[in-house]
Amino acid sequence: MLPVPTVYYLVLSGLLFTTGVIGVLVKRNPIVIFMCIELMLNAVNLSFIALGRHFAQINGQMYVIFVMAVAAAEVAIGLGIIVNLFRQRESIDIDEVNLMKF
Amino acid sequence: MNWPLIFFAILALLSVGSAILVVANQNPVRSALFLVVNFFVLAVFYFTLGAEFIGAVQIIVYAGAIMVLFLFVIMLLNLGAPEALRERGKLGPAPAIVLALVFLSLLGGVGAIDSGLRPVNPQAATFMATGGTPEKVGLALFSPSLPWLFPFEVTSFLLLIGVVGAIILAKRRI
Amino acid sequence: MLNWVGLIPVLPLIGFLITAFAGKKIGRPRSGYLATFWVFASFLVSCGVLVALLGMEGEHRRALVSLCPFVKDVPWIVIGNFQVHYQALVDPLAMLMCLIVTGIGGLIHLYAVGYMAEDKDFPRFFTYLNLFIFFMLMLVLGGNILLMFVGWEGVGLCSYLLISFWFEDIENSKAGNKAFIVNRIGDVGFALGIMAIFHYFGTLTFYNPATLGGFLDMASASKIAGGVLTTGIATTIGLLLFVGAVGKSAQFPLYVWLPDAMAGPTPVSALIHAATMVTAGVVMVTRVSPIIVQSHTVMIVIAAIGTFTALFAATIALTQNDIKKVLAYSTVSQLGYMFLGCGVGAFSAGMFHVTTHAFFKALLFLGAGSVIHAMHHEQDMRKMGGLKKLIPVTYFTMMAGYLAIAGIFPFAGFWSKDEILGKAYGFQYFGIVFYVVGVLTAALTAFYMSRLMWKTFWSEKRFDEAALGHDHGHATHDDHMDHADAHGSSGDASGHAGERAEEELSHASSHQDAHGGVHESPPTMTLPLIILAVLSAVGGLIGTPWFNKFEQFLEPSVPPVGLFKPEEGVSPVLGMVIGTVAALVGIGIAYALYSKRRQTGEILTPEQKQAPTLLGEAYRGSVNLWGFDQLATWLGIDLGGSLARTSAWIDRNIIDGIVNGVAGVAGISSEVIRRAQTGFVRSYALVMLFGVCLVVASILWPIISHH
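In this report, we go over the structure that sits alongside the text. This structure is a prediction, so every number in the text was calculated from the model and none was measured.

## Quick notes on the overall build of chain B
So, step 1. Each helix and strand counted, chain B has eight helices and zero strands in total.
So, step 2. Listing every helix and strand of chain B by position from the N terminus yields α-α-α-α-α-α-α-α.
So, step 3. Counting every position in chain B, which comprises 174 residues, the buried fraction comes to 35%.
So, step 4. Restricting the contact set of chain B to residue pairs at least 6 apart, pairs at least 24 apart contribute 55%.
So, step 5. A total of about 10,000 Å² of accessible surface is found on chain B, and carbon and sulfur atoms cover 75% of it.

## Structural notes on the packing of helix α2 (residues 30-54) of chain C against helix α3 (residues 92-115) of chain C
Residues and elements named next belong to chain C.
So, step 1. The contact between α2 and α3 brings their axes to 8 Å, and the two run at 160°. Considering their axes alone, α2 and α3 lie roughly antiparallel with respect to each other. Handedness of the crossing formed by α2 with α3: left-handed.

## Remarks on a nonpolar patch on the surface
So, step 1. Taken together, B:Phe157, B:Leu160, B:Ile161, B:Val163, B:Val164, B:Ile167 and B:Ile168 make up a surface patch of nonpolar side chains, about 650 Å² in accessible area.
So, step 2. Relative to the elements of secondary structure, B:Ile161 occurs in helix α8 (residues 149-170).

## Things to note about the interface of chain A and chain B
So, step 1. Facing the 70 residues of chain A at the interface are 83 residues of chain B.
So, step 2. For the pairing of chain A and chain B, the buried interface totals around 6,800 Å² over both sides, and the portion due to carbon and sulfur atoms is 80%.
So, step 3. It is A:Met35, A:Phe66 and A:Met68 in chain A that bury the most area against chain B; as a group they hold 9% of the surface buried on that side.
So, step 4. In this structure, the connection of chain A to chain B is made through zero salt bridges.
So, step 5. On the surface where chain A and chain B come into contact, there are seven residue pairs in polar contact (both at pLDDT 80 or more).
So, step 6. Those elements giving two or more residues to the side of chain A that touches chain B turn out to be α1 (6-26), α2 (30-55) and α3 (59-88) of chain A.

## Looking at the interface of chain C and chain A
So, step 1. Residue-level contacts link 12 residues of chain C with 13 residues of chain A.
So, step 2. Of the roughly 1,100 Å² buried between chain C and chain A on both sides combined, carbon and sulfur atoms contribute 62%.
So, step 3. Taken together, the connections running from chain C to chain A amount to zero salt bridges.
So, step 4. Looking at side-chain class alone, the side of chain C that touches chain A contains six nonpolar, three polar and three charged residues.

## Examining the pairing of strand β2 (residues 75-79) of chain C
Residues and elements named next belong to chain C.
So, step 1. Pairing between β2 and strand β3 (residues 82-85): four bridges, direction antiparallel. The residue of β3 that forms the bridge with Val 78 is Gln 83.
So, step 2. Count of turn residues in the β2/β3 antiparallel hairpin: two residues, of which Gly 80 carries a positive phi of about 60°.

## Focus: unusual backbone geometry
So, step 1. Residues C:Phe252 and C:Pro253 are joined by a peptide bond in cis, for which omega reads 0°.
So, step 2. Among the secondary structure elements, C:Pro253 is positioned in the loop between α8 (231-248) and α9 (257-260).
So, step 3. Here the amide bond leading from C:Phe409 into C:Pro410 is cis, since omega sits at -10°, within 30 degrees of zero.
So, step 4. Summarising the element assignment, C:Pro410 is placed in the loop between α17 (392-406) and α18 (412-425).
So, step 5. Even without being a glycine, A:Ala56 presents a positive backbone phi close to 55°.
So, step 6. Among the secondary structure elements, A:Ala56 is positioned in the loop between α2 and α3.
So, step 7. A relative accessible area of 21% places A:Ala56 in the partly exposed class.
So, step 8. In this structure, C:His376 is a non-glycine residue whose phi angle is positive, near 55°.
So, step 9. One can find C:His376 in the loop between α15 (347-374) and α16 (387-390).
So, step 10. Under the relative-accessibility criterion, C:His376 is labelled buried at 3%.

What counts and how
Residues numbered from 1 in each chain as written. Chains lettered and ligands numbered in written order. Predicted model: local features only at pLDDT ≥ 70, side-chain atom pairs only at ≥ 80, totals over all residues. Heavy atoms only, no water. Helix = DSSP H or I, 4+ residues; strand = E, 2+ residues; numbered from the N terminus. Buried < 20%, exposed > 50% of the residue type's maximum accessible area, 1.4 Å probe, protein only. Contact = heavy atoms within 4.5 Å. Areas by Shrake-Rupley, 256 points an atom, 1.4 Å probe, with all protein chains shown as cover. Axes fitted to C-alpha atoms, helices over the stretch in contact; angles between N-to-C directions. Parallel < 35°, antiparallel > 145°, perpendicular 65-115°, else oblique. Left-handed = near helix turned anticlockwise from the far one by under 90°. Patch = residues over 30% accessible without salt bridge, like charges linked within 9 Å, V, L, I, M, F, W, Y side chains within 5 Å. Salt bridge = Lys/Arg side-chain N within 4 Å of Asp/Glu carboxyl O. Buried area = accessible area lost by both parts, 1.4 Å probe. Polar contact = N/O pair within 3.5 Å; in protein donor to acceptor, adjacent residues only side chain to side chain. Nonpolar A, V, L, I, M, F, W, Y, C, P; charged D, E, K, R; others polar. Pairing = 2+ DSSP bridges.

Purely geometric stuff here, so don't read any function into it on its own.
Below you can see the structure in the form of structure tokens.
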């Protein structure tokens with residue numbers, strides 16, 4: 001028997017993920033939205049590792065490595081975009097980036 | 001006394017709390033810092049789960065590189081318009097209610113999730129003890145017989161693209 | 001010799017091409033003589049082909065020959081099963097019509113050289129005439145019904161061109177339009193009939209002596225492609241084709257164009273609207289007779305419409321004052337007789353009447369043309385009279401035509417009309433009714449023709465010769481420069497030198513008329529009259545009941561048994577007696593009435609014409625064509641016009657509206673949907689979340705529901 005059952009990790013992961021989702025939907029600063037996306041990714045990482053332990057496989061950790069790599073690249077590009085956006089206009093309120101409307 | 005469980009509970013509270021505070025804050029710098037806290041807690045979780053390498057990588061990459069990048073950008077943008085970065089208005093009660101609802105339903109669904117999972121692999125405990133070492137991770141990553149070599153190489157390419165893209169996006173003049 | 005049949009239509013075509021491109025250069029009257037030459041050449045070739053045909057055995061006198069003299073077979077349209085070859089059907093019916101068309105056509109060409117001598121559009125006239133002969137020959141020679149239809153349409157076209165020959169006067173143009181349009185209505189029926197034939201028989205060729213695969217071969221054996229020829233099919237095809245015949249041959253109700261067609265020059269009226277084009281309907285009905293005889297309904301319809309038309313037109317002819325209109329209605333009436341003959345199954349009698357009618361009606365028209373020419377284009381009979389001594393050649397030849405049409409022994413019309421009536425008597429359905437009406441119409445015919453002769457020739461002169469030439473019936477005919485040449489060089493047949501001199505002095509007219517007054521026509525005009533008079537006199541003798549060479553000749557072309565029972569028909573002698581009595585009654589009444597009124601030439605006084613009595617009503621009704629022309633005009637223009645306008649409205653508003661509506665719906669719905677593109681990133685995120693939830697739920701659901 002495992003000291004902490006896997007299911008608790010999954011519940012925790014779900015909570016963190018939900019928090020991240022709420023943050024993405026509610027916040028208006030794009031940088032903070034990005035941070036909430038990172039929060040979501042980390043929640044999933046936790047889930048992967050917990051299940052990897054549950055099934056005694058190394059695959060869980062493999063996935064996590066790749067997720068982290070991709071997240072890093074994504075953050076770099078995303079922040080580049082945000083910097084550009086700020087150069088175009090003074091505010092980076094995401095609600096004001098709405099030129100692609102009908 | 002199930003010390004691992006108590007330890008887990010404390011850490012869980014910490015991580016959830018810091019996550020909520022990331023979302024609830026109006027100041028982006030504070031949000032970033034709370035996120036760093038969250039990452040640290042997660043790294044500890046990884047250590048308890050036996051994934052030492054991953055835990056270390058989490059601290060190095062996430063807390064050490066990505067969050068630094070975030071803070072750099074916040075700092076850059078702060079120079080132009082300090083007030084522009086603040087969030088307008090506080091959060092209402094709605095997100096908290098939603099979160100509470102989700103938490104409760106997840107708690108209630110613990111039994112269901114548990115029964116939905118396939119049974120624990122008997123070697124899980126030994127895995128926890130020995131399976132997360134850098135040696136094991138390296139063997140898994142670089143063995144030709146396993147499927148992880150190719151994605152590894154492709155990921156390096158992806159990172160290259162990320163670098164190039166970031167430079168192009170952020171430069172003032174090409 | 002049979003292989004040269006292709007030359008028959010080609011020769012007039014060559015004439016057409018030459019006159020079309022070089023007519024003006026060749027000049028008149030040479031271009032006219034050249035055109036006439038081609039038609040007579042075609043006549044000679046027809047004679048040759050006829051001789052070759054007679055060389056074949058009686059029952060097998062039918063040959064499908066390529067229309068190209070040197071080429072064995074010229075395929076025209078070959079699309080799978082639909083095979084139409086450029087072929088001629090050489091059989092007695094075809095050759096008979098060839099001879100009529102080219103022979104009488106040639107005579108009329110010759111006449112026209114004199115008649116149109118002073119017209120400024122002389123070469124164009126002969127261009128159209130030659131083209132007409134070509135198309136008419138294609139019609140009668142065609143080996144399949146599609147070639148016949150080509151000729152059919154072509155003669156309709158030439159009819160239009162020739163009726164509106166003097167098109168500067170808008171009324172002539174309108175008459176041409178009317179002719180073409182009414183014809184077209186019939187052509188719709190014809191075209192549908194052709195399609196029906198192809199649908200049921202799978203071929204359009206009339207006869208194929210080698211394979212017996214022509215549709216008439218099949219119909220004679222009561223077969224269609226893969227089945228039996230039922231009465232229903234025969235009725236359908238027969239009625240559709242008959243609609244075409246009604247249009248082309250001016251039967252009720254599509255006759256309204258023929259009287260208006262008199263706006264064309266008289267040679268046109270003679271050729272097209274008396275001798276050839278209008279008989280095309282009869283020829284077509286005779287040609288497809290194997291199908292028609294299989295449906296009693298169609299036969300009755302044909303006979304009924306023919307008889308009714310005969311009577312109807314005769315009643316109108318009673319009161320017409322224009323000499324050409326009388327003859328026009330007379331033509332409609334005689335065509336009714338021909339259809340009566342076909343309707344009762346006496347196809348050879350019908351064709352016999354076609355032949356004799358071609359002789360005497362062409363003669364009458366040409367004679368009328370001569371009269372009109374002599375009267376300087378006066379056509380109203382009320383202004384004629386006393387011409388018997390003034391234009392004797394015309395008079396005597398017209399007498400021959402008059403006696404023929406009235407049906408006096410032994411002239412041509414007598415034999416053919418009595419043959420038809422006799423066979424009608426024995427008709428299975430209402431034979432007696434048709435017979436009585438036919439006899440009545442014969443009496444009326446005799447009456448109105450006598451009336452015409454009285455008013456024109458026998459009554460007293462009602463015009464002032466000195467004043468002639470100032471009133472012209474035609475607005476555009478004013479070039480008299482060559483008039484002197486045509487008359488002076490060929491000699492004046494009646495030698496009115498004295499009168500000419502007199503008129504020269506007293507004529508103070510704007511045109512240099514070298515001789516005014518009434519004078520006989522030149523030989524180019526009188527020669528054809530004389531030839532036709534001879535034919536009208538003796539031409540009927542090949543069809544007498546005791547010596548019916550004509551019927552014998554035509555046998556391979558017509559079905560053997562009609563719906564008349566020969567033994568129940570009126571015996572020939574009795575029939576002849578009744579016919580002659582009817583004619584004499586008509587002539588006698590006319591004599592009695594007109595001889596007392598030699599001066600006025602009118603039976604009814606103007607008061608009587610206006611009076612509300614039965615006689616007055618009858619007179620006015622007849623003069624007004626029984627209101628039918630107005631009805632047809634109203635139907636076509638008012639009703640048809642409002643129908644067309646309604647359709648246009650429906651098309652614009654409803655159909656286009658539907659199409660535009662569909663586009664509009666697309667536009668409106670897209671207006672609604674595009675509001676989803678808010679541009680707000682957060683709303684996009686929310687929608688994405690919903691989507692993700694849906695996907696997850698759909699994945700988890702089967703797993704959860706297992707528990």
